Amino acid sequence: MGNKYGRREFMKKTALVSAALAVGSGLDVRAAQKPVLVKVSGAGVPKDITAAVKKVLEPLGGMRAFVKKGQKVLLKPNVGFPTPPEQHATTSPLMLKAVAQMALDCEASQVLILDNPTRRPEACMRVVGIKEAVAGMSNVHFFLPTSDKLYQKTAIPKGKALKRTEILKDVLSVDVHIAMPIAKSHNAAGFTGGLKGMMGLILDRESFHSRFDLNQAIVDLNTVLKPHLVIMDGIKVMATDGPAGPGELITKNTILAGTDPVAVDAAAVELAPLYGRKIKPRQIKHLKLAEKTGLGVLKPPADRIVTLEM
Amino acid sequence: MRTAIALVSVLLMAPASDYFPEESAGKIEVFKGQKLFDYMNGGAELYLAYGFVEIAVWNYTAAGNKATVGIYEMGGPEEAYGIFSHTSRGDPVDIGVPAVLARGMLSFHKGKFYVRVVAKSDPVKAKDLLIALGKQVAGSIPGESKAPGEVALLPEGAVEGSLRYLVNPATARTIWFDGEGELILTKQAKAVTAFYPGGDADIQASRISYPDKAAAIKACRALAKKLSLKTAGGKGECSASGKTEDDVFTSLAAKDGVLRWVTGAADQKSANAWLAKVK
């Protein structure tokens, strides 16, 4: 992708900075060695989501490790369904607001909140609560783009099933991509989080379900859409009847964050029993395949994981 | 037999309900076949796997409460039960047929139809509306609301809402995550599976019926191989048992075109005993 996406070197450097910052904050020194996964849990999380997001990002170097002055930032939530926030089929509006504000505090020039919903965008826009949450925030724009004019044909060079697809143009031009999925059961993929959520940045989602092997296509897409940071809403996990719900909600009061999208998804799978029983990350085909493809690891070393209470 | 859209049309032309004289029905939308993806991109596969034909969906408002009614025409009564079995956790409600109310959604199956009535306003306040609409729709659907005969062949005492009726691999993706569905749900095979309270984990009992004996034997051998278990039995027979990589005991056997399979047991004796309970 001929864009600003190839900023991995920058990310590697920020990881070192994050370790230094974490040491300075008094966190365990071993855990501060380039963490790839951070988990913050506790009753305090839903009470103060802004504080919880700051806390989960701190070991990663805070938002400043990811967003610099003048940069255009993409927040990719799950806004797939016209359901109110209390059904937890869509990402917490308060979490999005908190992250958008943090990006602005880092002097981002623009924050785009984008998702191609599975249902009518007007209906989603009306009920998911994000429009209201970010109302009045300058330079924060919430769109649910469905017009094909807004998408660009893009090759997937490493794709095994998916060789090309139409990706949202805005995504191709942002400086920083922050995925903000919500942890849910999914009746076709088993689980949906950050990796599957990338389907919200393309035009033709249907072919993933009907033409290709869904799991392979998800992994193929993630070889080109690589978020710099994943922040997962695990406050309440929709453990059954996902992705649309209404499903059984299990309160976990957790936010996960990390730079390894596979590790974050895998940790989210283990947050709560799905379909009434414990599911292992390796049992979710697209996660197992993602690890095999080199997109990340299902279980990072213990000293790369930071667990915090709130 | 009526179609989903015909059913809705009849309902809307009917005199106002006794329950909600001020009700107003919204515009009806219909999605057929693969167009279901336009309505529910995420999750449409499961419906299509059960032979989805069309859905008629419309919104209702009554006394400030809102609900969406979706009538799904499925491949047949068994398929309608099958999709219902995936959403059957909740409080039982009698609306003339057995229905389940959970989290602001009333669902039931009757004839070849699966019906969902979903609250679009406060689910507690909308409960009466959901039940009233459910009764109205159920009363308009011809046919019965009964489970396929295979369901009664599993042991009693399943964990509430855990029973599933499966007709092809795509219906089993949230049951067998490691691809067992692809091995055992071969063409024309039908499965019932449920979880039972065990020790540390639930025990899963499954019964898969095939159109012929050979298909059952083949599936048994394929499953045993995947589970790294040695098969026993001569020509026309297959059984296997042992501890799997998940540290649980399993037992499976194919006989007369039926594969019976129990997994999740704490010891082999328990696995074998549960297998004997699967008819």
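Being a predicted model, the structure only gives us computed values, none of them experimental. (Residues numbered from 1 in each chain as written. Chains lettered and ligands numbered in written order. Predicted model: local features only at pLDDT ≥ 70, side-chain atom pairs only at ≥ 80, totals over all residues.)

## Observations regarding the overall build of chain A
Consideration 1: Regarding its fold elements, chain A presents twelve helices and twelve strands.
Consideration 2: When each of the 310 residues of chain A is scored for burial, the buried share is 58%.
Consideration 3: Contacts in chain A between residues far apart in sequence, at least 24 positions, make up 74% of those at least 6 positions apart. (Helix = DSSP H or I, 4+ residues; strand = E, 2+ residues; numbered from the N terminus. Buried ≥ 20, exposed ≤ 12 C-beta atoms within 10 Å, placed from the backbone. Contact = placed C-beta atoms within 7 Å.)

## Observations concerning the sheet that holds strand β11 (residues 203–209) of chain B
Residues and elements named next belong to chain B.
Consideration 1: Strand order in the open sheet formed by seven strands is β9-β10-β11-β15-β14-β13-β12, and the pairing between neighbours is antiparallel. Edge positions in the sheet fall to β9 (164–166) and β12 (231–232), since each of these pairs with one other strand and no more.
Consideration 2: The sheet strands contacting helix α7 (residues 213–226) are β11, β12, β13 (238–243), β14 (249–255) and β15 (258–265), and the helix crosses β14 at an angle near 160°.
Consideration 3: Each of β11, β13, β14 and β15 touches helix α8 (residues 268–277); the most contacted strand, β14, lies at about 35° to it. (Pairing = 2+ DSSP bridges. Axes fitted to C-alpha atoms, helices over the stretch in contact; angles between N-to-C directions.)

## Quick notes on the interface of chain A and chain B
Consideration 1: Counting from both sides, the interface comprises 23 residues of chain A and, opposite them, 24 residues of chain B.
Consideration 2: Here the side of chain A that touches chain B is composed, by residue class, of seven nonpolar, eleven polar and five charged. (Nonpolar A, V, L, I, M, F, W, Y, C, P; charged D, E, K, R; others polar.)

## Some points on the domain arrangement of chain B
Residue and element names in this part refer to chain B.
Consideration 1: The domain boundaries assigned to chain B delineate domain 1 (4–140) and domain 2 (149–277).
Consideration 2: Of the residues lining the interface, eleven residues belong to domain 1; the matching set on domain 2 comes to ten residues.
Consideration 3: Breaking the side of domain 1 that touches domain 2 down by element, the ones donating at least two residues are α3 (44–49) and α4 (77–85).
Consideration 4: Looking at the side of domain 1 that touches domain 2 element by element, the count peaks at four residues for α4. (Domains from an automatic or database assignment.)

## Details of helix α5 (residues 127–140) of chain B
Consideration 1: Helix length check: α5 of chain B, at 14 residues, gives a terminal C-alpha distance of 20 Å against a target of 20 Å (1.5 Å per residue), a fit within 8%.
Consideration 2: Burial in α5 of chain B covers these residues: L129, L130, A132, L133, G134, Q136, V137 and A138 of chain B. (Expected span 1.5 Å × (residues − 1).)

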